[in-house]
Amino acid sequence: MLPDFIASDVDLTPRNTLALPARAEFLANITHIEQLQHIARHPDLAKRRRFVLGGGSNLVLTGDFAGLMLAMAIPGKACIGEDAQAWYIAAGAGENWHAFVTWTLAQGWPGLENLILIPGSVGAAPVQNIGAYGLEVGERIDHLEAIDLDTGRLTRFTAADCGFGYRDSLFKREGWHVQGRYAIARVVFRLPKRWQPRTGYGEVAAELAQHGSGDPNPTRIAAAIAAIRRRKLPDPAQLPNSGSFFQNPVVSAELAAALATAHPSLPRYPQADGRVKLAAGWLIEQAGWKGRNLGPVGMYEQQALVLVNRGGATSRDVQRLTRAVREAVLARFGVNLVPEPVFL
Ligand code: NAP
């Protein structure tokens, strides 16, 4: 007998923002950590293949999933403390990221405004160290709590333990979310009381200037970034997609210099380690794929980095387009693009 929070043969189409058709053999709707501990200690369930599912916004389902999918729906958000320097805000893994950011701003706790409108859940945010417009979520995390599904033990990870990097973390590097090793249950954010705007990105500064916001506050920055994102990124409810489909490549200074000689308008962003970050969207556009379709999928006309499902696509269509775009960018620039989503 399965516990009542686990269903069998579940349709995953509404659970992935690319709307690819697939089914899960079992799906657990996780609303509290005891359910994870129950699974970890269950003689049969503990042995099954697992996958930790957040908002499904960074996922390409390549077929049906044989195993137990853990749909993280743990709710709750509250200020759990403050000191002279910061507020400490806890949120359950299942909280919607955008709703959570909006709520912190409404409560008068700024600091996450640059990350407004990023799709997905609170629990998934640290895995990829989501970031936008000069802010990464790892900078605002105090610690998080995860269940080790091999033992059922609750484990605390400080921000330093998480090993955050550019769209990267220990959880992602180890593949723990894909293997279902750790399920992040709760994240505690540290939001500094001395607020400082991050408006260094040209697009953000331009958007603020257009609205006469010479003295930007958190709400104005959030509104400006939300406006930019709405212009450039399709709403998955209207046009299924999984956000940025390729990672922005970080290449050697030599390769970046050689590319800039051949392509003088190439955007280049030097990194602290001497390497140079390139804009994947620019490379894709220059390789001729912006707004171009291959069967029922295509690269979005407003932002070439976003792969969209124009209706009825399967994972084969996605994989075909992924290959075509990678080959075109490699042929033109010698740069190997790496897809951002998990292919499951
Ligand atoms: P964009 O603003 O067109 O930027 C393209 C690339 O240029 C990115 O690599 C961006 O770096 C870089 N860039 C632009 N201005 C920069 C500056 N002033 N200093 C340093 N680097 C700069 O990118 P987009 O695709 O429309 O996305 C908008 C923002 O949302 C970006 O920050 C992007 O990273 C973020 N985003 C994050 C996720 C995620 O967390 N998974 C998904 C989608 C988009 P950065 O990537 O470092 O910003």
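Let me sum up the structure you'll find in this document. (Residues numbered from 1 in each chain as written. Predicted model: local features only at pLDDT ≥ 70, side-chain atom pairs only at ≥ 80, totals over all residues. Heavy atoms only, no water.)

Here we look at the overall build of the chain
Turning to step 1, where the next piece is worked out: Broken down by element type, the chain carries 10 helices and 20 strands.
Turning to step 2, where the next piece is worked out: A globule of 344 residues ought to have a C-alpha radius of gyration of about 20 Å, and the chain, at 21 Å, matches this closely.
Turning to step 3, where the next piece is worked out: Over its C-alpha atoms, taken along the principal directions, the chain stretches across nearly 65 × 55 × 35 Å.
Turning to step 4, where the next piece is worked out: Split into buried and exposed, the 344 residues of the chain put 50% on the buried side.
Turning to step 5, where the next piece is worked out: Look at the contacts in the chain between residues 6 or more apart in sequence, and 61% of them connect residues 24 or more apart.
Turning to step 6, where the next piece is worked out: Carbon together with sulfur atoms contributes 50% to the accessible area of the chain, which is approximately 15,200 Å² in total.
Turning to step 7, where the next piece is worked out: Distance between charge centres in the chain, computed from 36 positive and 31 negative side chains, equals 3 Å. (Helix = DSSP H or I, 4+ residues; strand = E, 2+ residues; numbered from the N terminus. Rg over C-alpha atoms; globule rule 2.2 N^0.38 Å. Buried < 20%, exposed > 50% of the residue type's maximum accessible area, 1.4 Å probe, protein only. Contact = heavy atoms within 4.5 Å. Areas by Shrake-Rupley, 256 points an atom, 1.4 Å probe, with all protein chains shown as cover. Lys, Arg positive; Asp, Glu negative; His and termini not counted. Charge placed at Lys NZ, Arg CZ, Asp CG, Glu CD.)

What to know about the nonpolar core
Turning to step 1, where the next piece is worked out: Membership of the largest hydrophobic core comes to 41 residues, with the highest contact counts inside it found for Trp97, Phe100, Phe171 and Phe189.
Turning to step 2, where the next piece is worked out: Those elements that provide at least two residues to this core are strand S7 (86-92), helix H2 (97-107), helix H3 (125-128), strand S10 (141-148), strand S12 (182-192), helix H6 (202-210) and helix H7 (218-232).
Turning to step 3, where the next piece is worked out: In terms of residues, this core owes the most to one element, H7, which gives six residues.
Turning to step 4, where the next piece is worked out: Core analysis: the second largest hydrophobic core is formed by 33 residues, Phe245, Leu266, Ala304 and Ala313 among them. (Core = buried A, V, L, I, M, F, W, Y, C linked by side-chain atoms within 4.5 Å.)

Some details on the packing of aromatic side chains
Describing an aromatic ring pair means giving the distance of the ring centres and the angle of the ring planes.
Turning to step 1, where the next piece is worked out: The tally for this structure, following the rule as stated, stands at 16 aromatic pairs.
Turning to step 2, where the next piece is worked out: Measuring from centroid to centroid gives 5.4 Å for Trp103 and Trp109, while their planes differ by 75°, and the two rings are edge-to-face. With respect to burial, Trp103 and Trp109 carry one shared label: buried.
Turning to step 3, where the next piece is worked out: Ring geometry for Phe245 versus Phe246: centroids 5.3 Å apart, planes at 80°, classification edge-to-face. For the pair formed by Phe245 and Phe246, the shared burial category is buried.
Turning to step 4, where the next piece is worked out: A cation over a ring is seen here: Lys77 above Trp103, with NZ or CZ 5.4 Å from the ring centre.
Turning to step 5, where the next piece is worked out: The cationic tip of Arg292 hangs over the ring face of Trp289; the distance from NZ or CZ to the ring centre is 3.9 Å. (Phe/Tyr/Trp six-rings, centres within 6.5 Å; stacked < 30°, edge-to-face > 60°. Lys NZ or Arg CZ within 6 Å of the ring centre and 35° of its normal.)

Considerations on the environment of Pro267
Turning to step 1, where the next piece is worked out: Topologically, Pro267 is positioned in the loop between helix H8 (253-262) and strand S15 (268-270).
Turning to step 2, where the next piece is worked out: Each C-alpha atom, one on Pro267 and one on Leu283, is 9.4 Å from the other, the two residues being 16 residues apart in sequence.
Turning to step 3, where the next piece is worked out: Sequence-distant contacts of Pro267, that is, excluding residues within four places in its chain, are made with Lys277, Leu278, Ala279 and Trp282.

Remarks on the sheet that holds S7
Turning to step 1, where the next piece is worked out: Judged by pairing direction, the sheet is antiparallel, and its five strands sit side by side in the order S6-S7-S12-S10-S11 without closing on themselves. Of all the strands in the sheet, just strand S6 (77-82) and strand S11 (153-158) have a single pairing partner and so form its edges. The sheet shows a mean angle of 20° between the axes of neighbouring strands, direction not considered.
Turning to step 2, where the next piece is worked out: By the bridge criterion, five bridges tie S6 to S7 in an arrangement that is antiparallel. Across the sheet, Lys77 pairs through a bridge with Ala91, a residue of S7.
Turning to step 3, where the next piece is worked out: Against the sheet, helix H1 (residues 33-41) touches S10, S11 and S12, its axis set at about 40° to S10. (Pairing = 2+ DSSP bridges. Axes fitted to C-alpha atoms, helices over the stretch in contact; angles between N-to-C directions.)

These values are about where atoms sit, not about what they do.
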